[in-house]
Amino acid sequence: MELLFVALFGAVIGLAARYFLPGRSTQGSVLVPAIGTVAASAVWVGLTWLGWDWAGGWIWWVSLGAATAASVVLNLVISRRRIHADQRMLQLLAKTGSPDTA
């Protein structure tokens, strides 16, 4: 049951990162919330396997902190790479008229 709540909180963190950080128009609406969900869930499961108590507070802080870090970092990286790729493609299309001539 706790894993469900961790996944939900990870999705909310990813959703917040999507709408509060720049570059929202360069990615799909579910990408960053999915990153937050996966990061929080994976860290939670990993810490549970390591023997951390799921009723303790530290597992929550670490899992949700990892979701925050992953959502913010990957949102910024993905949007920056997409903007650069779009600019390169625009320059190529303006120069050659075809995306296949690289």
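Asks: For this particular structure, what's the right way to read a nonpolar patch on the surface?
Replies: Among the surface-exposed residues, Met1, Leu4, Phe5, Leu8, Phe9 and Val12 lie close enough to one another that they form a single nonpolar patch of about 620 Å² accessible area. In this fold, Met1 is placed in the segment before α1 (2-20). In this structure Met1 comes out as exposed when scored by relative accessible area, which is 67%.

Asks: Help me understand the packing of aromatic side chains, please; the structure alone is not making it clear to me.
Replies: Enumeration over the complete set of coordinates arrives at 2 aromatic pairs. Relative to Trp60, the ring of Trp44 has its centre 4.8 Å away and its plane inclined at 65°; by these criteria the two rings are edge-to-face. Taken as a pair, Trp44 in helix α2 (residues 31-49) and Trp60 in helix α3 (residues 57-96) lie far apart in primary sequence, 16 residues in all. A connected cluster of aromatic rings, assembled from ring pairs, spans Phe9, Trp44 and Trp60. The ring of Tyr19 carries the charged tip of Arg18 above its face, separated from the ring centre by 5.1 Å.

Asks: Honestly, α2 in this entry has me stumped. Any pointers?
Replies: At 3.6 residues per turn, the α-helix brings residues three or four places apart onto the same side. Here α2 contains 19 residues, and its C-alpha end-to-end distance of 27 Å stays within 8% of the 27 Å for a straight helix at 1.5 Å per residue. Every buried residue of α2 is accounted for by Val32, Pro33, Ile35, Gly36, Ala39, Ala40, Ser41, Trp44 and Leu47. Of the surrounding secondary structure, the elements contacted by the buried residues of α2 are α1 and α3. Positive backbone phi, at 100°, marks Gly51, one or two positions downstream of α2.

Scoring rules and cut-offs
Residues numbered from 1 in each chain as written. Predicted model: local features only at pLDDT ≥ 70, side-chain atom pairs only at ≥ 80, totals over all residues. Heavy atoms only, no water. Patch = residues over 30% accessible without salt bridge, like charges linked within 9 Å, V, L, I, M, F, W, Y side chains within 5 Å. Areas by Shrake-Rupley, 256 points an atom, 1.4 Å probe, with all protein chains shown as cover. Salt bridge = Lys/Arg side-chain N within 4 Å of Asp/Glu carboxyl O. Helix = DSSP H or I, 4+ residues; strand = E, 2+ residues; numbered from the N terminus. Buried < 20%, exposed > 50% of the residue type's maximum accessible area, 1.4 Å probe, protein only. Phe/Tyr/Trp six-rings, centres within 6.5 Å; stacked < 30°, edge-to-face > 60°. Lys NZ or Arg CZ within 6 Å of the ring centre and 35° of its normal. Expected span 1.5 Å × (residues − 1). Contact = heavy atoms within 4.5 Å.

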